[in-house]
Amino acid sequence: MHLRRNRARLRELWLHRILDGQYLTAMSADEISAETASIYDSYLEVLATGDIEALEGYARNLSERIIPRGVQTREVVGIVLLLRDVLARELFSKYGRDSAMLSRVLDAYEPAANRIATTVSAGFVQERERIIRQQQEAIRELSARRQAEQALRALNQRLEEEARRIAHALHDEAGQLLVSVYLALDTLIAQVQPDARERLTG
């Protein structure tokens with residue numbers, strides 16, 4: 001409850017530590033501020049409820065949003081560990097005078113905080129691997145498509161060359177046929193009588 005009541009101050013402290021440590025360098029300060037608000041609330045929700053499935057869903061959603069921006073795994077692990085540290089220090093500050101109470105609070109907090117850090121980190125790594133596999137598949141498909149397009153262009157070029165060769169051959173053969181017909185007619189005309197020749201040539 002104490003961490004929720006002091007949300008604004010603790011989140012601001014955490015945000016400054018992220019910015020000072022130059023984590024999430026692929027994101028603007030405004031983007032980091034928006035994400036840290038959401039992460040902080042989710043973190044406290046898991047501490048309160050222990051609902052790790054909700055955290056896993058949130059970690060996937062966060063990863064989908066920030067991986068395309070170029071955020072690295074070490075940065076995500078770093079900011080989650082920073083939050084764990086900020087909150088642990090706050091609990092120590094709040095309950096430090098009562099060692100029995102501090103021990104009970106930290107006994108409850110530390111396993112949950114470690115589980116959160118592990119879950120978020122694992123979710124980020126899994127999502128990153130999924131995205132990398134998708135990108136690799138897209139590259140393979142693009143490469144296969146380009147190869148198919150190149151093969152199709154080569155086939156079209158061969159077909160065009162074959163069509164030109166056939167047209168050229170037909171043109172030559174037709175020309176030879178016409179010459180042969182003309183020569184045959186000329187020979188025939190020479191063999192017929194002169195008056196028939198005049199009728200044929202006239």
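Refer to the structure presented above.
The notes below deal with the structure included here. The structure presented is a predicted model; accordingly, all values stated were derived computationally and were not measured. Each chain has its residues counted from 1, following the order in which its sequence is written. Totals for whole chains, interfaces and linings use all residues, but because this is a predicted model, local features are given only for residues with pLDDT of at least 70 and pairs of side-chain atoms are given and counted only at 80 or more. Heavy atoms throughout the structure, all of them, feed into the side-chain values; hydrogens and water do not.

**Re a nonpolar patch on the surface**
Like-charged residues within 9 Å of one another, or nonpolar side chains (Val, Leu, Ile, Met, Phe, Trp, Tyr) within 5 Å, are grouped into patches, provided each residue has over 30% relative accessible area and no salt bridge. Under the convention used here, a 1.4 Å probe and the Shrake-Rupley method define accessible areas, while residue burial counts only the protein chains that appear. Whenever a carboxyl oxygen of Asp or Glu lies within 4 Å of a side-chain nitrogen of Lys or Arg, that contact is scored as a salt bridge. Residues Leu-152, Leu-155 and Leu-159 make up a contiguous nonpolar surface patch of about 270 Å² in total accessible area. Structurally, the position occupied by Leu-152 is in helix 6 (residues 99-191). To qualify as a helix, a DSSP run of H or I must reach at least 4 residues; to qualify as a strand, a run of E must reach at least 2; elements of each kind are numbered from the N terminus.

**Observations concerning the environment of Tyr-23**
With respect to the helices and strands, Tyr-23 occurs in the loop between helix 2 (7-20) and helix 3 (29-49). Sequence-wise, Tyr-23 and Glu-75 are 52 residues apart; in three dimensions their C-alpha atoms are separated by 5.5 Å. In this structure Tyr-23 touches Arg-17, Ile-18, Ile-32, Glu-75, Gly-78, Ile-79 and Leu-82, once residues within four positions along its chain are discounted. Note on contacts: a residue pair is in contact if any heavy atoms of the two residues lie within 4.5 Å.

**Notes on the environment of Pro-68**
In this structure, Pro-68 sits in the loop between helix 4 (52-66) and helix 5 (73-95). Measuring from C-alpha to C-alpha, the distance between Pro-68 and Ala-26 comes to 9.6 Å, with 42 residues separating the pair along the chain.

**Brief notes about the packing of helix 3 against helix 5**
Axis angles are defined between N-to-C directions and span 0 to 180 degrees, where every axis is a line fitted to C-alpha atoms and, for a helix, only to the segment in contact. Put simply, helix 3 and helix 5 touch, their axes get as near as 12 Å, and they point 60° apart. Looking at the two axes, helix 3 sits oblique to helix 5. For the pair helix 3 and helix 5, the crossing hand works out as right-handed. Every residue of helix 5 that contacts helix 3 at Ile-39, Tyr-40, Tyr-43, Leu-44 and Leu-47 is listed here: Ile-79, Val-80, Leu-83, Arg-84 and Leu-87. Each residue is assigned to one of three groups, with Ala, Val, Leu, Ile, Met, Phe, Trp, Tyr, Cys and Pro labelled nonpolar, Asp, Glu, Lys and Arg labelled charged, and all others, Gly among them, labelled polar. Of the residues assigned to the contact of helix 3 with helix 5, the class counts are nine nonpolar, no polar and one charged. Angles below 35 degrees are treated as roughly parallel, those above 145 as roughly antiparallel, those between 65 and 115 as roughly perpendicular, and all remaining angles as oblique. Each crossing is labelled by how the near helix is turned from the far one, with a counterclockwise turn of less than a right angle marking it left-handed and a clockwise turn marking it right-handed.

**Here we look at the side chain of Glu-90**
Mapped onto the elements, Glu-90 comes out in helix 5. In this view, Glu-90 contacts His-2, Leu-3, Arg-9 and Leu-10; residues no more than four positions away in its chain are not counted.

**Observations regarding the pattern of salt bridges**
Counted by the stated rule, this structure contains six salt bridges. With its nearest N and O atoms 2.7 Å apart, the salt bridge here joins Asp-85 to Arg-17. Here the residue Asp-85 occupies a position in helix 5, and Arg-17 occupies one in helix 2, the gap between them amounting to 68 residues. Throughout, exposure labels follow a simple rule: accessible area from a 1.4 Å probe, protein chains only, divided by the maximum for the residue type, with under 20% read as buried, over 50% as exposed, and the rest as partly exposed. Classification of Arg-17 as partly exposed rests on a relative accessible area of 30%. The closest approach of N and O atoms between Arg-140 and Glu-137, which form a salt bridge, is 2.8 Å. Taken as a pair, Arg-140 and Glu-137 lie in helix 6 at a separation of three residues, close to a single helical turn. The class of Glu-137 is partly exposed, set by a relative accessible area of 35%. Three or more residues are tied together by salt bridges with common partners; here these are Arg-17, Asp-85 and Arg-89.

**Brief notes about unusual backbone geometry**
With phi around 55°, Gln-22 is a residue other than glycine that occupies positive phi space. What makes Gln-22 exposed here is its relative accessible area of 60%. Unlike most non-glycine residues, Leu-24 shows phi in positive territory, near 55°. Tracing the sequence through the fold places Leu-24 in the loop between helix 2 and helix 3.

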